[in-house]
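The lines below spell out each chain.
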There are 2 protein chains.
Amino acid sequence: MVPFSPTHPKTRLSPALSARERRDFARVLLADVLWALAATPGVPEPTVLSTVTLDVDAGVPVVVDERSLTVAVNDVLASTDDAVAVVMADLGLATPAALESLFAPDADVVLAPGLGVGTNALVARHPDFRVDYHGTSFVDHREAADAVGASLAVVDSHRLATDVDEPGDLTEVLAHGEGAAASWLRDRGFVLAATDDGRVRAVRNEP
Amino acid sequence: MVPFSPTHPKTRLSPALSARERRDFARVLLADVLWALAATPGVPEPTVLSTVTLDVDAGVPVVVDERSLTVAVNDVLASTDDAVAVVMADLGLATPAALESLFAPDADVVLAPGLGVGTNALVARHPDFRVDYHGTSFVDHREAADAVGASLAVVDSHRLATDVDEPGDLTEVLAHGEGAAASWLRDRGFVLAATDDGRVRAVRNEP
């Protein structure tokens, strides 16, 4: 499933995008993730887990659950013996190849860490594994898998590690994105530019 | 080869580490990279390409070349028909498995991008490929490979994408590092801590 929170999304991108743009960009990122999942061999159709009713057609089933992400996901984990995958909606570099590396390991729990020690994607195949989404969730999910005796695999992917929620992340989308999010940024004037200190940023050329 | 610049290293880590600590930490990171390379199957012994004579025994041959990184690397590329690998000395998450993904692709040029569009590691097997290290070097190396008709592979690795040169990168080392750099940071009081905004930082507990 792909959790998505449509209300006031991507506030940390405020320095780079207006409120309306952030709203639109979040939906473009979601569409990219759904496209990448649909093109990943062997992955069943995902469900969007949304906090409110979506105002656009996601093209896949949408389940509305207004509770916190942790509670909503754990309810799903408790309700099934099937494998459950949770892939964040803002992985602007996700590709089918990167997602294959998430589904490939034969482990009870597969974790794809995000930059900053979050958990950007996971697959759970163990009846007792539960999630706890917060700042250091990757470290805690690693420990949680161990605590219930679940075998663990960690996916080493720059694409899956890159969740797009700060202006610096737009740099990665412009350099590596293969979906609609990169085109969306370019259409709005964003380009890569080297700064005086040798670092690279996404800067916007006003029309 | 592993380029290393021992003079005033890691200045962007000044908010987190003293000058002496930055000097020591740079050498610990280098040792981690050399260890990971030594443990990667099929990889010959690396050479350290240093801008000045090293004051420590790297355990591998050291070539001193005081010229810029781009000039020094291109001299090596021009002097041989063998494959040349260039792996940065500050990849604090590098593991043999991650480095295997660099050497595995059967392509003329293999690039491992760094966060911020640099080039953290590459393998060159094409006689006409040359490097140009600067801010957006990954994008330019991708184009340079294309310009000389070299086949290209891009490695998707969070571990190889993480070069350690800003305080935020210490977070990744503490969460994912498997070498001496993570231990070195912990020995000096660094731990992961969640901040009020839900992000995670490496903070230092003073003794």
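Residues numbered from 1 in each chain as written. Chains lettered and ligands numbered in written order. Predicted model: local features only at pLDDT ≥ 70, side-chain atom pairs only at ≥ 80, totals over all residues. Heavy atoms only, no water.

## Examining the confidence of the model for chain A
- Counting all residues, the mean pLDDT for chain A is 95, and 100% of those residues have values of 70 or more.
- Quick note on the complex model: pTM equals 0.96, ipTM equals 0.95. (pLDDT = per-residue confidence, 0-100.)

## Some points on the side chain of His126 of chain A
Residues and elements named next belong to chain A.
- Mapping His126 onto the fold places it in the loop between strand S6 (119-124) and helix H4 (137-147).
- Within polar-contact distance, the side chain of His126 engages the backbone nitrogen of Asp128 at 3.1 Å.
- Excluding residues within four positions of it along the chain, His126 makes contact with Asp108, Val148, Gly149 and Ala150. (Helix = DSSP H or I, 4+ residues; strand = E, 2+ residues; numbered from the N terminus. Polar contact = N/O pair within 3.5 Å; in protein donor to acceptor, adjacent residues only side chain to side chain. Contact = heavy atoms within 4.5 Å.)

## Digging into the side chain of Glu21 of chain A
Residues and elements named next belong to chain A.
- With respect to the element layout, Glu21 can be found in helix H1 (residues 19-38).
- By relative accessible area, which is 16% here, Glu21 ends up buried.
- Beyond its immediate chain neighbours, meaning those up to four positions away, Glu21 contacts Ala16, Trp184, Arg188 and Arg204. (Buried < 20%, exposed > 50% of the residue type's maximum accessible area, 1.4 Å probe, protein only.)

## Structural notes on the environment of Trp184 of chain B
- Along the chain, Trp184 of chain B turns up in helix H7 (residues 180-187).
- If sequence neighbours within four positions are ignored, Trp184 of chain B has contacts with Leu17, Glu21, Asp24, Phe25 and Val28 of chain B.

## Some points on helix H2 (residues 69-79) of chain B
- If you check which residues of H2 of chain B are buried, you get Thr70, Ala72, Val73, Asn74 and Leu77 of chain B.
- Looking at the buried side of H2 of chain B, the elements it contacts are strand S2 (48-50), strand S4 (84-87) and strand S6 (119-124) of chain B.

## A few points about the nonpolar core
- Membership of the largest hydrophobic core comes to 51 residues, with the highest contact counts inside it found for Val48, Val73, Val86, Val87, Leu102, Leu122 and Leu160 of chain A.
- With six residues, H1 of chain A is the largest single contributor of residues to this core.
- Excluding residues that lie within four positions of it along the chain, Val86 of chain A makes contacts with Met1, Pro3, Val73, Asn120, Ala121, Leu122 and Tyr133 of chain A.
- Counting 50 residues, the second largest nonpolar core, distinct from the first, contains Leu54, Val87, Val123 and Tyr133 of chain B. (Core = buried A, V, L, I, M, F, W, Y, C linked by side-chain atoms within 4.5 Å.)

## Quick word on the interface of chain B and chain A
- With 26 residues of chain B in contact, the opposing surface of chain A contributes 26 residues.
- Roughly 2100 Å² of surface becomes buried between chain B and chain A when both sides are summed, with 60% attributable to carbon and sulfur atoms.
- Contact with chain A buries surface across chain B, with Asp156, His158 and Arg199 of chain B losing the most and accounting together for 25% of the total.
- One can count two salt bridges joining chain B with chain A.
- Between Arg199 of chain A and Glu166 of chain B there is a salt bridge whose closest N-O contact spans 2.9 Å.
- Among the secondary structure elements, those contributing two or more residues to the side of chain B that touches chain A are helix H4 (137-147), helix H5 (158-161) and helix H6 (167-176) of chain B.
- When residues of the side of chain B that touches chain A are assigned to their parent elements, the largest contribution, four residues, is made by H6 of chain B.
- Split into classes, the residues belonging to the side of chain B that touches chain A amount to ten nonpolar, nine polar and seven charged. (Buried area = accessible area lost by both parts, 1.4 Å probe. Salt bridge = Lys/Arg side-chain N within 4 Å of Asp/Glu carboxyl O. Nonpolar A, V, L, I, M, F, W, Y, C, P; charged D, E, K, R; others polar.)

## Overview of the relation of the copies chain B and chain A
- Note on the copies: chain B fits chain A at an RMSD of 0.0 Å, the axial shift is 0.0 Å, and the rotation between them is 180 degrees. Both copies are brought into coincidence by an operation consistent with a two-fold rotation axis.
- Mapped onto chain A, 100% of the interface residues of chain B are again interface residues, and the two copies thus contact each other with one and the same surface. (Least-squares fit on C-alpha atoms with pLDDT ≥ 70 in both.)

## Some details on the sheet that holds strand S3 (residues 62-64) of chain B
Residues and elements named next belong to chain B.
- Spatial strand order, S1-S2-S3: three strands in an open sheet with parallel pairing. The open sheet has two free edges, formed respectively by strand S1 (2-4) and S3, since each of these has just one partner strand. Across this sheet, the average inter-strand angle for adjacent strands is 25 degrees, counted without regard to direction.
- Pairing analysis gives three bridges linking S2 to S3, with the strands arranged parallel. Residue pairing for S3: Ser50 is matched across the bridge by Val64.
- Here helix H1 (residues 19-38) sits on the sheet and contacts S1 and S2; the angle it forms with S1, its principal contact strand, is near 175 degrees. (Pairing = 2+ DSSP bridges. Axes fitted to C-alpha atoms, helices over the stretch in contact; angles between N-to-C directions.)

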